[in-house]
Amino acid sequence: MKNIITIDSAICNGKPTIRGSRITVQSILEYLSAGETRENILIQFPQLSNKDIDACLKFAADLLGNQYSIRSIA
């Protein structure tokens, strides 16, 4: 996944992207959550592969695997 999901402050304001492209992980996750099929995503973004979509899902799952705490502010 390290070679697929990249973060570069000069690309998309540092959002995680797929292989340094301007396609963000967030965009792919939003397409999937809206009910878009992998096949349609791959048609819209022919430079992507199923492995790229898998990497987006793994990235999100790993991110949510972190420990979080909610703090009150003022």
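Before any of the text, the structure's been laid out above.
Residues numbered from 1 in each chain as written. Predicted model: local features only at pLDDT ≥ 70, side-chain atom pairs only at ≥ 80, totals over all residues. Heavy atoms only, no water.

Please clarify how the packing of helix α1 (residues 25–33) against helix α3 (residues 50–64) should be interpreted in this entry.
For any two helices packed against each other, one specifies the crossing angle of their axes together with the interaxial distance. Where α1 meets α3, the closest approach of the two axes is 10 Å, and the angle between their N-to-C directions is 95 degrees. Between α1 and α3, the interaxial angle falls into the category roughly perpendicular. Of α3, the residues touching α1 (which contributes Val25, Ile28, Leu29 and Leu32) are Ile53, Cys56, Leu57, Phe59 and Ala60. Tallied by class, the residues present in the contact of α1 with α3 amount to nine nonpolar, no polar and no charged. (Axes fitted to C-alpha atoms, helices over the stretch in contact; angles between N-to-C directions. Helix = DSSP H or I, 4+ residues; strand = E, 2+ residues; numbered from the N terminus. Parallel < 35°, antiparallel > 145°, perpendicular 65-115°, else oblique. Contact = heavy atoms within 4.5 Å. Nonpolar A, V, L, I, M, F, W, Y, C, P; charged D, E, K, R; others polar.)

Is there a simple way to explain the state of the cysteines in this structure?
Covalently bonding the sulfur atom of one cysteine to the sulfur atom of another cysteine gives a disulfide. The final tally for this structure, using the stated rule, is zero disulfides. The thiol sulfur of Cys12 is not disulfide-bonded, and the nearest other cysteine sulfur, from Cys56, lies at 12 Å. Using a relative accessible area of 15% as the deciding quantity, one classes Cys12 as buried. Residue Cys56 is classed as buried on the basis of its relative accessible area of 0%. (Disulfide = S-S within 2.5 Å. Buried < 20%, exposed > 50% of the residue type's maximum accessible area, 1.4 Å probe, protein only.)

Note that all results are geometric; they support no functional claim without further evidence.
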